[in-house]
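One letter stands for each residue in the lines below.
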Amino acid sequence: LFSEERFVYRQIDDVKALRIFEEQIKIGSRRSIRRWWKYAAVLLLPLLIGGIWKWKSLEKGVSVVVQIPAEIRPGSQQAVLVLDDGQRVALKEKGEGEILVGERVRATKGKDRLVYAQGIPESDEIVRFNELEVPRGGEYKVTLSDGSLVYLNSVTRIKYPVVFSRKERKVFLSGEAYFEVAKDAAHPFVVEVCDSKIQVLGTGFNVRSYSEEGQIVTTLVEGAVCFESIEDRVILKPGEQSILDKEGQLQKRVVEVYPFVAWKEGRFIFRKQRLEDIMVMVSRWYNVEVYFEDDESKEITFSGGMMRYEGFEALMKMIETVGSINCTIKDNTVFIAKRK
């Protein structure tokens, strides 16, 4: 909360007031005394008010903490394009046009995506790669040279050929992305994630693979995919999900698909999810740090949803109300504690 007394006090040049106070004492005239008394009053009055305010708070047993949190904004359309020669190009909402992304190959930059022109590879032996890096608090899209559209979530990196070779269509991913793969039965589309790979012909699916989460989650919306780890493989049908954990165990399950892909449509959807897991997603999008003051609050579960572009305070108020917790925002850090 913002303290009015503190604001007034911070506007006062107390050094200047004291200097004038001392000079006027030396002069000693009544006129001077009247003059310096004005400065003394300006200096002392806020201190007196603040002292009374603090004393009243202590008398009531209230702990007073004055905080002026920085404005926390939702994420935006942004990414960094890394060209084959190492050159880095910042991609943001503003500014559109063409970018030379390879020898004689151009891509068109829009406000929320990069679109590669279809082309013929120089040879199967020479494949030029680009990378897209999406930071915390960002999202972006890219249309690859085969027409496949990829939605990239915060803290995500994808590496892909400027033009796919004649043999295969392969990309490399870390983070989270949703793929709408262009159909091409003669050239399967492969996504490599860590030591695993996902092979598809033409389909829509979501892949989440953040190192701190310790698992690879693949959710199929339509079509069919084969997820293959070092030791195992599963075939997914629409509405199914595979999970590869950090021990290398691979499992398949039936899920409600929408909560896992709603992010690409600008929504947070929660289905009985732990608060700790929710805040991991929220922290990436709003670019904040989260600190839990007790383990109990981590285990509170939520169901519901809201738009990703809503203000951060609205999200925190919803969580506070539903979860019976206290959220304190200080600078760029959120402190969460179970309400007592």
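Residues numbered from 1 in each chain as written. Predicted model: local features only at pLDDT ≥ 70, side-chain atom pairs only at ≥ 80, totals over all residues. Heavy atoms only, no water.

1. Here we look at the packing of aromatic side chains
Alright, step 1. Throughout the structure, instances matching the rule amount to ten aromatic pairs.
Alright, step 2. Centre to centre, the rings of Tyr291 and Phe335 are 5.8 Å apart; their planes meet at 70 degrees, and the pair counts as edge-to-face. Residue Tyr291 is found in strand E20 (residues 289-292), and its partner Phe335 is found in strand E23 (residues 333-338); the two are separated by 44 residues along the sequence.
Alright, step 3. Every member of this aromatic cluster is reached through a ring pair, and the members are Phe164, Phe179, Phe189 and Phe205.
Alright, step 4. A cation over an aromatic ring shows up here: Arg308 above the ring of Trp285, its NZ or CZ 3.8 Å from the ring centre. (Phe/Tyr/Trp six-rings, centres within 6.5 Å; stacked < 30°, edge-to-face > 60°. Helix = DSSP H or I, 4+ residues; strand = E, 2+ residues; numbered from the N terminus. Lys NZ or Arg CZ within 6 Å of the ring centre and 35° of its normal.)

2. A look at the pairing of strand E9 (residues 156-161)
Alright, step 1. One ladder, built from six bridges, connects strand E6 (residues 129-134) with E9; its direction is antiparallel. Its bridge partner being in E9, Asn130 is matched across the sheet by Tyr160.
Alright, step 2. For E9 and strand E10 (residues 169-180), the ladder comprises three bridges, and the chain directions are antiparallel. Within the sheet, the bridge partner assigned to Lys159 lies in E10 and is Phe172. (Pairing = 2+ DSSP bridges.)

3. Concerning the pattern of salt bridges
Alright, step 1. Under the defined criterion, the tally for this structure stands at 22 salt bridges.
Alright, step 2. One salt bridge in this structure joins Asp112 and Lys141, with 2.9 Å as the shortest N-O distance. Residue Asp112 is found in the loop between strand E4 (105-109) and strand E5 (113-116), and its partner Lys141 is found in strand E7 (residues 138-143); the two are separated by 29 residues along the sequence. Residue Asp112 shares its accessibility class with Lys141, and that shared class is buried.
Alright, step 3. Notably, a salt bridge pairs Arg284 with Glu212, separated by 3.0 Å at the nearest N-O pair. With Arg284 in helix H5 (residues 275-286) and Glu212 in the loop between strand E13 (204-209) and strand E14 (215-222), this residue pair connects regions lying 72 residues apart in the sequence. (Salt bridge = Lys/Arg side-chain N within 4 Å of Asp/Glu carboxyl O. Buried < 20%, exposed > 50% of the residue type's maximum accessible area, 1.4 Å probe, protein only.)

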